[in-house]
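# A closer look at the structure
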Amino acid sequence: QEYTGVKMEALEWSPAAKAAIEGKVGGRKVFLVAATFRPETMYGQTNCFVGNTIKYGVFAINDKEAFLCTERAARNMAFQGTVTPRGNVERLVEIEGSKLIGTRVKAPFSINPEVFVLPMDGVLATKGTGVVTSVPSDSPDDYQTLMDLRKKPEFYKIEPAWAAIDPVPVIVTPTYGDLAAPAIVKALKIQSQKDTKQLAEAKDIAYKEGFYNGTMLVGEFKGETVQEAKGKVRESMLKEGVAFAYAEPEGLVISRSA
Ligand code: ZZB
């Protein structure tokens, strides 16, 4: 399965990120890049997650743009035609996730067009880009993390205002209504982002329910089923240049020559 790489342009860096990044990117626009399997949910983005202890880099993509992601992801992109010149891995800055918290970014296609970067415990450095765009309406992990952050802003070292955007209904399903993730989290009695086993089950339910029984409530393909809309939203994002195809080598099928 191929990811959609969503380009979230940095609009205003946190003070720590500003100190680390400003003046070091050769005038390039910098994008935090989130890898998603659910482009049809992008209307409901409310924030962006990074891992506090994960090492990120800002990598030159071409003369005009740079991507913030893990080095592993930058390496993959370099060989997938995303980077010019092809194969080039040029790290302009190295930065720890915790320094990015509070950065304001663009969320393409979202009903809330600007969102904040927040910390999530469960972000894996070994998957996707290490940057996750948050859709609490349809992702149980995102919903539970947002609730945790709102409950304990001091503990998580965030401003309450950064976690203020509520989940946005984007898909309706017969069983869970127009906010599937909150409904499933409640049904499974999940209390915290540390309930990883139940959250994995919740994710599985949310994926299946959304994909097989979901109908779009918003956007260009409103009224269409998720199965119909998924690819169309992706194409639309690719066409507008706000997203690109990103594959993980592990997921690639190497075809044998006949
Ligand atoms: C937006 C989104 C909206 C996502 C949704 C899911 C859902 P999977 O299926 O387990 O392989 N993700 C991406 N990279 C990481 C990472 N490095 N660490 C932790 N989580 C990551 O995971 C794919 C999904 O996990 C991606 O799709 C991303 O969140 C997150 F409504 O992007 B998704 C029911 C799920 N709904």
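Structural notes, computed from the coordinates.

Reading guide: rules and limits
Every residue gets a number counted from 1 within its own chain, in the order that chain's sequence is written. Only residues with pLDDT of 70 or above have their local features reported here, since the model is predicted, and side-chain atom pairs are shown and tallied only from 80 upward, although totals for entire chains, interfaces and linings are computed over all residues. Think of the side-chain values as coming from all heavy atoms in the structure, minus any hydrogens and water. The buried label applies to any residue whose accessible area, calculated with a 1.4 Å probe on protein chains only, is under 20% of its type's maximum; exposed applies above 50%, and partly exposed to all values in between. Secondary structure elements follow DSSP: runs of H or I no shorter than four residues count as helices, runs of E no shorter than two count as strands, and numbering proceeds from the N terminus. Paired strands are those between which DSSP finds at least two bridges. Here, nonpolar core means buried Ala, Val, Leu, Ile, Met, Phe, Trp, Tyr and Cys residues that are tied together by side-chain atoms lying within 4.5 Å of each other. Any pair of residues with heavy atoms lying within 4.5 Å of one another is described as a contacting pair. Axis definition: a line fitted to C-alpha atoms, over the contacting stretch in the case of helices. Angles run 0 to 180 degrees between N-to-C directions. When describing relative orientation, an angle under 35 degrees is termed roughly parallel and one over 145 degrees roughly antiparallel, while 65 to 115 degrees is termed roughly perpendicular and anything else oblique.

### Some words on the pairing of strand E1 (residues 3-12)
Burial analysis of E1 places eight of its 10 residues in the buried class, the great majority of the element. Sheet topology note: the E1/strand E12 (residues 243-246) ladder contains four bridges and is antiparallel. Looking across to E12, one finds that Thr4 is bridged to Ala245. As judged from the six bridges shared by E1 and strand E2 (residues 29-36), these two strands associate in the antiparallel manner. Considered in E2, the bridge of Thr4 is made with Thr36. Two strands pair when backbone bridges link them, and E1 and strand E7 (residues 104-106) are joined in this way by two bridges, in the antiparallel orientation.

### Description of the nonpolar core
Within the largest apolar cluster, 63 residues are counted, with the highest numbers of intra-cluster contacts made by Ile21, Leu32 and Leu68. Excluding residues within four positions of it along the chain, Ile21 makes contact with Trp13, Val58, Leu68, Val93 and Ile95. One finds Val33, Phe67, Ala78 and Tyr246 within the second-largest nonpolar core, a separate group that totals 15 residues.

### A closer look at the packing of helix H5 (residues 196-213) against helix H6 (residues 226-240)
At a minimum axis distance of 6 Å, the contact between H5 and H6 shows a crossing angle of 95°. Taken together, the axes of H5 and H6 lie roughly perpendicular to each other. Contacts between H5 and H6 involve Gly210, Phe211 and Tyr212 on the former and, on the latter, Val226, Gln227 and Lys230.

Honestly, it's all geometry; don't read function into it.
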